[in-house]
Amino acid sequence: MHAPTRHYRHIRKLPHLSEEEKQTLSRVEGEFAFRANDYYLQLIDWDDPDDPIRRLIIPTEGELRDWGTLDPSRESDYTVANGTQHKYTHTALILAAETCDSYCRYCFRKRLTMRRSEEVMNDVRGGIEYIRAHPEVDNVLLTGGDPLTLATNKLRRIIERLREIDHVGIIRIGTKVLAFNPYRILDDPKLIELIEAYSWREKRIYVMSHFAHPRELTEPAVEAVDRLLKAGAIIANQCPLIAGVNDDAEVLVELFNRLSMTGATPYYLFQGRPTKGNAIFEVPIVRASRIFNEAFEGTSGLGRRPRLTMSHHTGKIEIVGYDESQIYLRYHRAAHEENKGRFLICHRDDRAIWFDDLDVVHTFKPGTQETNVLSA
Ligand code: SF4
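Since the model is a prediction, treat every value here as computed from it, not as a measurement. (Residues numbered from 1 in each chain as written. Predicted model: local features only at pLDDT ≥ 70, side-chain atom pairs only at ≥ 80, totals over all residues. Heavy atoms only, no water.)

### As for the pairing of strand 5 (residues 91–95)
The test is simple: Relative accessibility thresholds used throughout: buried, under 20% of the residue-type maximum; exposed, over 50%; partly exposed, between the two (1.4 Å probe, protein chains only). The helix count covers DSSP runs of H or I at least four residues long, the strand count covers runs of E at least two residues long, and both are numbered beginning at the N terminus. Criterion used throughout: strands pair if DSSP finds at least two bridges between them.
Counting buried positions along strand 5 yields five of five residues, so the element is predominantly enclosed. A two-sided burial pattern is seen for strand 5, the buried positions comprising T91, L93 and L95 on one face and A92 and I94 on the other. Looking at chain direction, strand 4 (residues 84–88) and strand 5 are connected through four bridges and run antiparallel. The residue bridging T84 from the neighbouring strand is I94, located in strand 5. A loop of two residues connects strand 4 with strand 5, the two strands running antiparallel in sequence. Pairing of strand 5 with strand 6 (residues 139–143) involves five bridges; the strand directions are parallel. Residue pairing for strand 6: I94 is matched across the bridge by L142.

### Some points on the side chain of R54
Our working rule: The criterion used for residue contact is that any of the two residues' heavy atoms lie within 4.5 Å.
When you line up the elements, R54 lands in helix 3 (residues 52–57). Given a relative accessible area of 12%, R54 falls into the buried group. Other than its neighbours up to four places away in sequence, R54 contacts L17, E21, I44, W46, D48 and P49.

### A word on helix 6 (residues 152–163)
Rule in force here: In this scheme, a helix's expected span is set at 1.5 Å multiplied by one less than its residue total. The directions considered for the arc run from the helix axis to the C-beta atoms.
End to end, helix 6 covers 16 Å across twelve residues, agreeing with the expected 16 Å (1.5 Å per residue, within 8%). Three or more residues of helix 6 are buried, namely T152, L155, I158, I159, L162 and R163. In a view along the axis of helix 6, the buried residues occupy a sector of 135°, so they form one face of it.

### Quick look at the domain arrangement of the protein
To keep things clear, this is the line we draw: Each domain span listed reflects an automatic or database assignment of domains. What counts as buried area is the accessible surface, traced by a 1.4 Å probe, that two parts surrender upon association, with contributions from both included. Within this document, salt bridges are pairs made up of a side-chain nitrogen of Lys or Arg and a carboxyl oxygen of Asp or Glu, the two lying within 4 Å of each other. By the criterion applied in these results, polar contacts are pairs of N or O atoms within 3.5 Å in which, for protein atoms, one can donate a hydrogen and the other can accept it, and in which residues neighboring in sequence qualify only through two side-chain atoms.
Per the domain assignment, the segments making up the protein are domain 1 (7–64), domain 2 (75–282) and domain 3 (302–376). Computed from C-alpha atoms alone, the centre-to-centre distance between domain 1 and domain 2 is 24 Å. Counting residues at the interface gives 26 residues for domain 1 and 29 residues for domain 2. Taken over both partners, the interface formed by domain 1 and domain 2 buries close to 2,300 Å², and the fraction arising from carbon and sulfur atoms is 56%. Three residues, Y39, R55 and L56, lead the burial of domain 1 against domain 2; their summed loss comes to 31% of the area buried on that side. For the salt bridge of R215 with D51, the shortest nitrogen-to-oxygen distance reads 2.9 Å. Along the contact surface separating domain 1 from domain 2 lie 16 residue pairs in polar contact (both at pLDDT 80 or more).

### So, the packing of aromatic side chains
So the rule is basically this: Geometry of aromatic contacts follows a simple scheme: Phe, Tyr and Trp rings, the Trp one being its six-membered ring, pair when their centres are within 6.5 Å, and the pair is stacked under 30 degrees between planes, edge-to-face over 60, tilted otherwise.
Under the criterion given, the structure shown has nine aromatic pairs. Between Y106 and F281, the ring centres sit 6.3 Å apart and the planes meet at 75°, which makes this aromatic pair edge-to-face. Placement of Y106 in the loop between strand 5 and helix 4 (111–114) and of F281 in the loop between strand 10 (264–270) and helix 12 (285–297) is noted, with a sequence separation of 175 residues between them. On the accessibility criterion, F281 (2% relative accessible area) is buried. Taken together, the ring pairs connect F256, F292 and F296 into an aromatic cluster.

### What to know about the packing of helix 5 (residues 125–132) against helix 6
Counted only if it meets this: All axes here are fitted lines through C-alpha atoms, helices being fitted over the stretch that makes contact, and every angle between N-to-C directions spans 0 to 180 degrees. Any angle that is under 35 degrees is reported as roughly parallel, and any over 145 degrees as roughly antiparallel; angles of 65 to 115 degrees are reported as roughly perpendicular and all others as oblique. In this scheme, a crossing is called left-handed if the near helix is turned counterclockwise away from the far one by less than a right angle; it is called right-handed if the turn is clockwise. Under the convention adopted here, Pro, Cys and the residues Ala, Val, Leu, Ile, Met, Phe, Trp and Tyr are nonpolar, Asp, Glu, Lys and Arg are charged, and Gly plus all remaining residues are polar.
Where helix 5 meets helix 6, the axes come as close as 10 Å, and the angle between the chain directions of the two elements is 20°. With respect to helix 6, the axis of helix 5 lies roughly parallel. The interaxial crossing formed by helix 5 with helix 6 has right-handed handedness. For the pair helix 5 and helix 6, contact is made by R125, I128 and I131 and by I158, R161 and L162, respectively. For the contact of helix 5 with helix 6, the residue count by class is four nonpolar, no polar and two charged.

Next comes the structure, spelled out in structure tokens:
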């Protein structure tokens, strides 16, 4: 494998597709942006039309199905300054970049790449001032887009400013670069120096990696994980459950086990959000829970750390399990006090893909007298 030498921004430039495919798929590309590099494209088995890596990055006609919204978690409700969101008490989020090295077809923030976006900060000073004025914020997530598409000097200026704020402990960098282009890390000693300089013993930099399939854990990707760990970063992995990519217990077993072994701790497995263009990537909640629980049977305790979670606009709702008549959920994080720690029992609906599709019949907060029976 070699460092990417070329990025493709138009499907018609891909040598691997037939003329007919290019014509059909350019309609999809007209709606949702396409971007890939030759490192990642060479991971695809082009003889297999259902290859999971291909599905992750090559457009398909199903994306044109009219379904979902462009801001499924209503991030606009939590935007407190240009490009800055504050949803959970201790965590602020900065959209620091508007592009990614390549584009996942199932992205829930594809709105940022569909047209020139006003949401992303080209100047982070307003967001940093907001964080400075809010001492309860001890975690800052840099995301986008992918912050590792920024020049290292620009990233350094952001991290330096955040490190000047005493109450900021953890700085997280959300990135899929480890999977899309590990050479971004391997070929840039200044990036490693930046992590060494600002991932402190009691205030770490966390790299939130996004490996979604074990075939992304190539030799250079594992090497890049190792360099970041040796530089003092902690790595935690989060990815969605994606139909046709990783909605298979055996695939998840391999993913969780290999992530644990490399030191990129599995953290969240997300239920796909109802995002425009993403109908074909959705896995219903009951099936998702079954696959997830089956995967746990094949992993050690260290592979069992991720939570299957919906990033709903009201909070992170963990899918705990189901039985013949009910689905069990719990708020892992809640945007509002009344939902913190709340359990939810819902009618079982095997077609439901999102919290809003479910009927809640009973909720309670463990350790309190509060309980609500909502319907029989
Ligand atoms: S790397 Fe993240 S932000 Fe970029 S396209 Fe993929 S899911 Fe979206």
